[in-house]
Structure formats: structure tokens, C-alpha cells
Amino acid sequence: MLKGSKTNKSLLLAAVCLLLILATLIAIGIGSVSVNPIVTLQTLLGYGDDTSSVILWDIRIPRVLLALIVGANLAISGTLMQAVVQNPLADPGVTGVSSGAAVAALFIMLALPGASSYIPLVAIAGGVVAAAMVYGMAWQRSTGFQPVRIVLSGVAVNAIFGGVIGLLSLLYSDRLPAAIQWMNGSLAGKEMSDVLVILPYSVVGWIIALLSIRQINVLRLGEQTAHNLGQNMNRVRLLLSLLAVCLAAVSVSMVGLVGFVGLVVPHMARMLIGSDYRHSLPLSILLGAMILLLADLIGRSLFSATQIPAGIVMAMIGGPYFLYLMRKGGA
Amino acid sequence: MLALQKVSINYSDRNIIKNVSLDVKAGEVVSIIGPNGTGKSTILKAISKRIAVADGSIIFNEQEIANMSVKEISKQMCMVSQANNSPHDMTVGELVGYGRLPYKKWYERMSKEDEEIVLWALQQTGLEPYRDRLLQRLSGGEAQRAWIAMALAQKPKVLLLDEPTTYLDIAHQLEVLDLIKRLNKELELTVIMVLHDLNHAAQYSDKICVIHRGEVHAYAKPEEIMTTALIGRVYGVEAEVQHVDGKPRIHIIKKSKAKDVSRMMNIKPMDIAVLKENYQKLVAGTKSVFISTITPEGSPFLSYAPFVEHDGKVYLYLSQIAEHYRNIEANPAVDVMLAADESATKNIFARERARFQGQGKNVGNEGYEDVFAKFEEKFGTPTFKMLRTLDFSLFELTLAKGRYVVGFGQAFDVDFAGEHFEHINRDAHGLDVKPSKP
């Protein structure tokens, strides 16, 4: 963790911000046709030649923007869920949103491939239904939303949907390859219109999350203290979860299941800048965006014959990191 | 200012608190004591609306808690617990800043005024120099002060403290309690706290509420509460109570011997003896005796009196009552009662009776008002014979009829049919206390 003053923390945030911009420029440049960062910058500012304009604006930039947005969304979502259930192992999936979206999307992909243009919508619906199930089951009249019950019903609902996913995969195993990209979170083949669909929702989500930092922070003081400070814990938990679910749902609907960003990034941020969400949430946003960007970049450039979904890259980086956290006793 | 009216609280299906009524006046320090698991903290949680009451109501300044929002409540009262979540990298100043949260909308930032209140709260708790220190670097006592400072920043009228000293060493315990007392005096804060240490409760409280098995066992001034008898009954330990500067000082000696019953009473043999034939008239066919009396302060005082036979005499265990009297040294009635002559005792009886009737109804005294009248109506004027005078008087009881016993110038209402009777049945509880020779 970064010891020291507020200025140090602001400096760190600014540095990560700069790094992110740099990474973005590089990521836009790298691909089957490589464009150097200066040309990239020129193109972005509208002074590029036609070829690079087409490549960048139609292919690279949407993909990079999507990585940034989704990475940020999942990082916020994970941060919120870890705060809400007061469990460092929580991620957006705890709410059931991922498995619910996966079942819905898989059903369309495998059973009704003709309707595949509805996948984003159906995925959102599936995610929201699953989240509603989780919170419905977790609710108790006497005690409200207890974190443990949210986690447990999340686990149970995920297990149920996991079973359904298994069943669908088995029944339609011949069509499965089509779904594998989605199941592992792929940013391939996205257009600017896709970006424009999720951008407004995401930005609204970010603003609400940043404005709620104090509420999120209060959760650190424990349920009893938060209650004493006038927080209606059930309402806070529900609203923050709702925000987490929305951010995760729009992301999952667009790119499929991206694991580990939501789990790992909040921890990284905390280790780097401390547990105060005034610093760690903005850092999570930046890191989430950067890590998914890099994961996608590695996935699409390392083995140029096959595009490896960002989710797979993320999981393979995130998995070992997660184990490292466990060994270190941080989780 | 704050009143609990017949409050019952359940956890799931289990009843934790039954029919608890409590009246706290503005500016008072009230301590809630009682054994573990009797529902002390539950009461604080109900007051702060952390848990709902199943029955009854809690009134704060003429407003029912149930109708107030959590936010409104958090501007009026605040709670500090025995152990609080201290994030590892939060500073004292940041923590205290959260105390302003009840006054802020979720998007609002801290104003200049908030900063001033935070500073004031830090000054009140002597933590101003620690403002930028990490909570984790504080000692237990300092940390507890920091949490109290956060509570002060809420600008409350009532401070609820749930075992605020439990994890602290002795010096820090006193430091925190002194701070609480000072805040109570200077800021006119009403304080309701759950304490485990009886001496702390006695020293720092205006009133003590004893919760036993989910009910209010007693609610009065410390000097009335802290008696060997009550401590024995509630905690099942033997204790001595001294009075220093008008405040009770409690020395816990050991756990009471008698097994199950030990939780209910402090049994010491040979405090009062009854001639066997009288005893047989008294308790024909019964195994033990339930006695109630009225303390010199006018509050009802319940005692259980098992008995043993020894050398042709039957001995009632009335030590709790005796102890109670012995401890109220300041009470003139006790002196006179120690007088070793019958007429003096008779006079006391008459005087106590007049005194008691003059007092009118006391809360909780219902049913006891006419105990003296009832006594005379049943038995005529009692006769007393002094058996011995040690630290207190023993009387041989002469009873013409019925089930009333007189001792120490007071009337003991022996109620064999009372619901408590079964609880203390000697055989059922295997009382094996051997009487010593009188």
C-alpha cells in the first residue's frame, strides 16, 4: 500500500491516468497493421490518412473503448460488491448477474440462433432476473439483507444457472464453438455503435458510484456503526448492489463473461492506494480499464492466428494473482 | 426523555426481552447490568432501532422510535460498541468526520461548520493532537475515545455505550468512564450504557438497571441495587459490599456453592432460625419458602428462603435480607433493629408501617402497600423474641396461624403458592448446604 499523504495518492492516480492514456494509444496502434503512436494521435485528432482512419475508427478504437468501458464497469461493480457483502472474495458474479446473463445468452445462441441480435437485451434480462432471485432469497423480514445471506444465495443461484449452462452445452454441443467466445468474454468484432449503446449507461453508473463513495466508505466501519450514522443499511446495500448489477449487466451483455476483473482489480487498487474508497475507487476504475485493455491487447496480438478472448487472458493472469493474494493472507 | 414501555423483543422465535419498562431522564447516567446473555445489548439495539421491538414502544422526547427514520435517530443518539471495525488505514480525523454523516445528503460534502464540529469533538475527547494518526496506531483507550469523538460529532442528546470498557486495561477503563462522566456533566448528555463491572456501574451511574433473564430485575440508585443479596441472586456469586463516600464498593468473593439455585440467590445458612413446632405450623407440607419484603427505601425486595432442619430447629436462609440491611449503614432503621429488645423491635414495626404508608405508591410496589395491615389482620400484633445479635438481629418467630414471618422489624410475606416457589424447591435443586451452628 502507498503510505503517505494525500498528494502522494493524487500523484499515483495521475500517473495511472497517464499510463492508461499511453496504453490506449499503444493498444490502438497494435494489430495486424501496426500504427505508431504518433500517427495514432494524429488520426485521433483528425489529421490522419484515410487507411489508418478506417482501421482505427472502425476497428481498433471501438474495441479499445469497449475494453476501457467494460473494464471500468466490472472494476466498479466488483468494488461495490466487495463493500456490500464485506467479503474480499466477492465479485459482480455474486449477484448472479453473470450466470443469469450467460444462461439467457446461451439459450439464444444455442437454441434459437436466429434471434442472436437480441443477445445483449436477453442477457441483461437474464442477469437482472438472476440478481432479483439472489436478493429475493437473501431478504429476511427481521434482519433485511445480511451479507452472508447475499453471498450464500448468490452461490446457490450461480450453482443452479451453472447446471443449466451445463445442460444447454450438452444438448447443443454441436453448436457450442459459437458460444465459446462469448462465454469467455470477447471484444472481437465490436463496432462504434456497440460502444455508444453502453457508454451512456456506464458513464451514469460511474458518476453515481463516485458520488456514493462516502456511503461505500461507511460500510468499512461495519454494519453497526453505519446504522448508528443514520444509514438505512438495507437501502444502502440494495442500491449499491443495484448499481453493481446494472454496470455488470450492461458489460456482460456486450462482451460476455469476463472473469476476475471485478475480483482482482479492487484488491490491486487497495494494495496500491489503501482502503479509503475516495482513492481506491477511482484507481479501481483506471486499473480495471487498463487491465482489460491489456488483456484484450495480449489476446489479440500474442497469437495472431487465433484471437484469445480477453476473459481467458484475464483469468490466466487473474487466477495466479488471486492465489498469490490468498497465500499472502490478503484475501 | 427516553422511555421504554413494556417492551418485548424476539430474535427469530426466541423471546429475549420481556415486558421491560425503563424511564431515563435527561442528563442521567443509567447503567444496564446483568449476566451474559440476558439481553442487555439487545435493549440498546432496540433503542437505536437497530432491531425492532415485538411488543411495547420506545418513546424518545414524546416521539415513538418506530416512527422515526434511522437518520433522525442518528442525530439524537449514537452508540459506541465494545469493539468497532477500525479500517487499517483510517485516521482519527477521518473517523470523527463520519460522525457528520447523519446531517449530510448522500452527495453532499463536508462544510466548514462540519470541520469545526469535528475539531470540537476531537478537543472534547482530548484527541486533537492525534487527528492525523491512524486508528490502528492508537491504544485501546485512545481508540475508544476516537469512537466516542465520532459519536459526539453526531451532536447527539443520548449516548448509548455497549460495554465501552470491555477490551481495555484498568487504567484505560477508568479513562473512558471519566470521559463519559465529564461529557455527561459538561454537555448534559444522557448516557445509557451496558457495563459488566459492578464497581464501575456503582461509581459512574445515577441509576442502575439490572436485567436478569430478559426482565428488569431492579431499577434504582446504585446504593439500593448493589447489595450482597441482589448480586448473589443475579450473578450467583458471593460478594461483600462496602460503602465508601456514599458509593457502594463491591468485592466479589467467590461463586456461590449451591448448584442450580446459585444463579438465583445467595444462600448462607443460619441467618435466621425458627423453632421446629412453629416452623411446622408455618410450612406444613411444604419444602421451601418464598419471602418478600419491603426495603427501608420502599422498594420491594424478593428473597427465596430454603431451609434445613438441624438439632430440632428449622433454619431459613435469609442472608440476603440480612446482608441488605447490614449494608445500608446510613439507614437509621437498621440501628434500631439491631437493638436487642423486643419492645424496640415492636416500635420499629409500627414506625416502618407508618413510614411506608406515608410514602404512598412507589413504582413496582403494587401489592405491597398493605402488607403490614394484612399482617396484623391475619396474626394480630406479632410477638418477637430476640435470638441473637450479631451483625444483625435474629428473631424467633411466634406465629399463631398462617404463613407470615416477621424479622428485622419488617413483614415478610410468605407465599407458598407463588410461582417462584417451585423454582427454588430445595429437593429439586439438590441444595446441599450444611447449616452451621447458630
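Report follows, based on the coordinates. This one's a predicted model, so the numbers in the text were calculated from it and none came from an experiment.

The rules we used
- Residues numbered from 1 in each chain as written.
- Chains lettered and ligands numbered in written order.
- Predicted model: local features only at pLDDT ≥ 70, side-chain atom pairs only at ≥ 80, totals over all residues.
- Heavy atoms only, no water.
- Pairing = 2+ DSSP bridges.
- Helix = DSSP H or I, 4+ residues; strand = E, 2+ residues; numbered from the N terminus.
- Contact = heavy atoms within 4.5 Å.
- Axes fitted to C-alpha atoms, helices over the stretch in contact; angles between N-to-C directions.
- Salt bridge = Lys/Arg side-chain N within 4 Å of Asp/Glu carboxyl O.
- Buried < 20%, exposed > 50% of the residue type's maximum accessible area, 1.4 Å probe, protein only.
- Patch = residues over 30% accessible without salt bridge, like charges linked within 9 Å, V, L, I, M, F, W, Y side chains within 5 Å.
- Areas by Shrake-Rupley, 256 points an atom, 1.4 Å probe, with all protein chains shown as cover.
- Lys, Arg positive; Asp, Glu negative; His and termini not counted.
- Charge placed at Lys NZ, Arg CZ, Asp CG, Glu CD.
- Parallel < 35°, antiparallel > 145°, perpendicular 65-115°, else oblique.
- Left-handed = near helix turned anticlockwise from the far one by under 90°.
- Nonpolar A, V, L, I, M, F, W, Y, C, P; charged D, E, K, R; others polar.
- Expected span 1.5 Å × (residues − 1).
- Polar contact = N/O pair within 3.5 Å; in protein donor to acceptor, adjacent residues only side chain to side chain.
- Core = buried A, V, L, I, M, F, W, Y, C linked by side-chain atoms within 4.5 Å.
- Phe/Tyr/Trp six-rings, centres within 6.5 Å; stacked < 30°, edge-to-face > 60°.
- Lys NZ or Arg CZ within 6 Å of the ring centre and 35° of its normal.

### Thoughts on the sheet that holds strand β4 (residues 55-60) of chain B
All names here are of chain B.
Next up, step 1: With respect to topology, 4 strands assemble into an open sheet ordered β2-β1-β4-β5, the strand pairing being antiparallel. Here the strands that pair on one side only, and so sit at the sheet edges, are β2 (14-24) and β5 (63-64).
Next up, step 2: Two strands pair when backbone bridges link them, and strand β1 (residues 2-11) and β2 are joined in this way by 7 bridges, in the antiparallel orientation. Paired with L2 across the bridge in β2 is V24.
Next up, step 3: Each of β1, β2 and β4 touches helix α1 (residues 40-47); the most contacted strand, β1, lies at about 115 degrees to it.

### Structural notes on the pattern of salt bridges
Next up, step 1: Inspection of every chain in the model, using the stated rule, returns 14 salt bridges over all chains.
Next up, step 2: For B:E115, the salt bridge goes to B:R131, with nearest N and O atoms at 3.5 Å. In this pair, B:E115 sits in helix α4 (residues 112-124) while B:R131 sits in the loop between α4 and α5 (140-153), placing the two residues 16 residues apart along the sequence.
Next up, step 3: Its relative accessible area of 36% is what places B:E115 among the partly exposed residues.
Next up, step 4: Residue B:R131 is classed as partly exposed on the basis of its relative accessible area, which comes to 25%.
Next up, step 5: Look at the salt bridges and you will find they share partners, linking A:R63, A:D296 and A:R300 into a network.

### Thoughts on a nonpolar patch on the surface
Next up, step 1: Together, A:L196, A:L199, A:V203, A:V204, A:I207, A:I208, A:L211, B:W106 and B:Y107 give the surface a local cluster of nonpolar side chains, amounting to about 780 Å² of exposed area.
Next up, step 2: Here A:L211 is to be found in helix α8 (residues 192-211).
Next up, step 3: For A:L211, a relative accessible area of 39% puts it in the partly exposed group.

### Focus: a positive patch on the surface
Next up, step 1: Together, A:R235, B:K71, B:K75 and B:K105 make up a region of like positive charge exposed at the surface.
Next up, step 2: Take A:R235: it is sitting in helix α11 (residues 233-255).

### Remarks on the packing of α5(B) against helix α6 (residues 170-186) of chain B
Residues and elements named next belong to chain B.
Next up, step 1: The contact between α5 and α6 brings their axes to 9 Å, and the two run at 20 degrees. Accordingly, the angle class assigned to the pair α5 and α6 is roughly parallel. The two elements α5 and α6 cross, and the hand of that crossing is right-handed. Between α5 and α6, the residues in contact are G141, E142, Q144, R145, I148 and L152 and H172, E175, V176, L179, I180 and L183, respectively.
Next up, step 2: Class assignment of the residues belonging to the contact of α5 with α6 gives a composition of 6 nonpolar, 3 polar and 3 charged.

### Comments concerning helix α12 (residues 261-273) of chain A
Residues and elements named next belong to chain A.
Next up, step 1: Taking 1.5 Å of rise per residue, 13 residues should cover 18 Å, and α12 covers 17 Å from first to last C-alpha, within 8% of that figure.
Next up, step 2: Counting buried residues along α12, 10 of its 13 residues qualify, which places the element largely inside the surrounding structure.
Next up, step 3: Within the sequence span of α12, burial applies to V261, G262, L263, V264, V265, P266, H267, A269, R270 and I273.

### Side note on α6(B)
Residues and elements named next belong to chain B.
Next up, step 1: For α6, which comprises 17 residues, the first-to-last C-alpha distance of 24 Å matches the rise-based estimate of 24 Å (1.5 Å per residue) to within 8%.
Next up, step 2: Among all positions of α6, only Q173, V176, L177, L179, I180, K181, L183 and N184 are buried.
Next up, step 3: If you follow the buried residues of α6, they end up packed against β3 (29-33), α4, α5, β7 (158-162), β8 (190-194) and α7 (198-204).
Next up, step 4: Where α6 starts, the residue carrying a side-chain oxygen 3.2 Å from the main-chain nitrogen of A171 turns out to be D169.
Next up, step 5: Looking one or two residues past α6, E188 carries a phi angle of roughly 55 degrees, positive in sign.

### Some thoughts on the sheet that holds strand β6 (residues 77-80) of chain B
All names here are of chain B.
Next up, step 1: On the basis of which strands lie adjacent, the open sheet formed by 6 strands has the order β6-β7-β8-β3-β9-β10 and mixed pairing. Of all the strands in the sheet, just β6 and β10 (215-220) have a single pairing partner and so form its edges. Neighbour-to-neighbour, the strand axes of the sheet open up by a mean angle of 15 degrees, direction not taken into account.
Next up, step 2: Here 5 bridges tie β7 to β8, and the two strands are oriented parallel to one another. For L161, the partnering residue across the bridge sits in β8 and is M193.

### Quick word on the nonpolar core
Next up, step 1: One finds A:I150, A:W182, A:L292, B:V92, B:M193 and B:M226 to be the most contacted residues of the largest nonpolar core, which totals 152 residues.
Next up, step 2: A total of 17 residues in this core trace back to one element, the largest contributor, which is helix α3 (residues 50-84) of chain A.
Next up, step 3: Of all hydrophobic cores here, the second largest spans 29 residues; its members include B:I47, B:I65, B:M68 and B:M79.

### A word on the pairing of β4(B)
Both faces of the sheet carry side chains from a regular strand, because those side chains alternate between them.
Residue and element names in this part refer to chain B.
Next up, step 1: Both β1 and β4 contribute to a ladder of 5 bridges, which runs antiparallel. By the bridge assignment, Q5 is partnered in β4 with S57.
Next up, step 2: Sheet analysis places β4 next to β5, joined by 2 bridges and oriented antiparallel. Bridge pairing in β5 places I59 opposite E64.
Next up, step 3: The loop that links β4 with its antiparallel partner β5 comprises 2 residues; one of these, N61, has a positive phi angle of about 45 degrees.

### Quick word on the packing of aromatic side chains
Next up, step 1: Taken as a whole, this structure holds 2 aromatic pairs over all chains when the rule is applied.
Next up, step 2: Between A:Y135 and A:F145, the aromatic rings sit 5.7 Å apart at their centres with planes inclined by 70 degrees, giving edge-to-face as the arrangement. With a gap of 10 residues between them, A:Y135 in helix α5 (residues 119-138) and A:F145 in strand β2 (residues 144-145) connect regions that are remote in the sequence.
Next up, step 3: In this structure A:Y135 comes out as buried when scored by relative accessible area, which is 8%.
Next up, step 4: The exposure class of A:F145 is buried, given its relative accessible area of 6%.
Next up, step 5: Stacked on the ring of B:Y103, the Lys or Arg B:R100 has its end atom at 4.3 Å from the ring centre.

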